[in-house]
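# Commentary on secondary and tertiary structure
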Amino acid sequence: MAKKSDYFGLGYIVSLILAIIPVTSWICGAVTRFMEGKIVAGLIRLLFGFTIVWILDIIWMALNKQIIRLLNV
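The structure presented is a predicted model; accordingly, all values stated were derived computationally and were not measured.

### A look at the side chain of Ser25
Secondary-structure assignment places Ser25 in helix α2 (residues 22-35). The class of Ser25 is buried, set by a relative accessible area of 2%.

Right under this line is the structure:
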């Protein structure tokens with residue numbers, strides 16, 4: 001069985017495709033952080049998800065198979 005990745009436990013390839021698309025990366029990233037109970041991190045993703053966080057998510061997802069976690073609060 002394939003290793004699960006970040007967005008809702010989806011596979012790595014699906015998560016990478018979702019990370020490349022700006023709108024889905026913004027929404028899925030925020031929802032993922034809220035589901036983890038990280039309210040501040042989710043709010044930051046909602047506010048700044050279309051900027052540098054999106055680019056960092058693509059790079060981090062390609063290298064580490066998970067979204068970047070700037071804050072653990």
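Moving on from the coordinates now.
### Focus on empty space enclosed by the protein
In the structure shown here, the tally under the stated rule is one cavity of 30 Å³ or more. Its boundaries defined by the atoms lining it, the largest cavity holds a volume of some 80 Å³. Every residue along the wall of the largest cavity is listed here: Arg33, Ala41, Ile44, Arg45, Val53, Ile68, Arg69, Leu70 and Leu71. In terms of residue count, the dominant contributor to the lining of the largest cavity is helix α3 (residues 39-48) (three residues). A breakdown of the residues in the lining of the largest cavity according to their chemical character gives six nonpolar, no polar and three charged.

### Considering the pattern of salt bridges
Scanning all chains against the criterion turns up three salt bridges. Residues Glu36 and Arg33 are paired through a salt bridge, measuring 2.5 Å at the closest nitrogen-oxygen approach. Among the residues examined, Arg33 registers a relative accessible area of 1% and is labelled buried. A salt bridge links Arg69 to Glu36, with the nearest nitrogen and oxygen atoms 2.4 Å apart. You can see Arg69 sitting in the segment after α4 (52-64) and its partner Glu36 sitting in the loop between α2 and α3, a full 33 residues away along the chain.

Conventions adopted
Each chain carries its own residue numbering, running from 1 in the direction its sequence is written. Local features in a predicted model are, by the rule used here, given only for residues with pLDDT of at least 70; side-chain atom pairs are given and counted only at 80 or more, and totals for whole chains, interfaces and linings are based on all residues. As a rule here, side-chain values cover all heavy atoms of the structure and leave hydrogens and water aside. Each helix corresponds to a stretch of at least 4 residues labelled H or I by DSSP, and each strand to a stretch of at least 2 residues labelled E; elements are numbered beginning at the N terminus. A 1.4 Å probe rolled over the protein chains alone gives each residue an accessible area, and that area as a share of the maximum for its type sets the label: buried under 20%, exposed over 50%, partly exposed in between. The method works on a 1 Å grid over the protein atoms by themselves. A cavity is a set of points holding a 1.4 Å probe that cannot get out, a pocket is an open set with protein on both sides within 12 Å along at least five of seven lines, and residues with an atom within 4 Å of a point line them. Grid points are joined across faces, edges and corners, and a volume is the space filled by probe spheres set on the points. Under the scheme applied here, ten amino acids are nonpolar (Ala, Val, Leu, Ile, Met, Phe, Trp, Tyr, Cys and Pro), four are charged (Asp, Glu, Lys and Arg), and all others, including Gly, are polar. In the sections that follow, a salt bridge refers to a side-chain nitrogen of Lys or Arg positioned within 4 Å of a carboxyl oxygen of Asp or Glu.

Coordinates in, geometry out; function isn't part of it.
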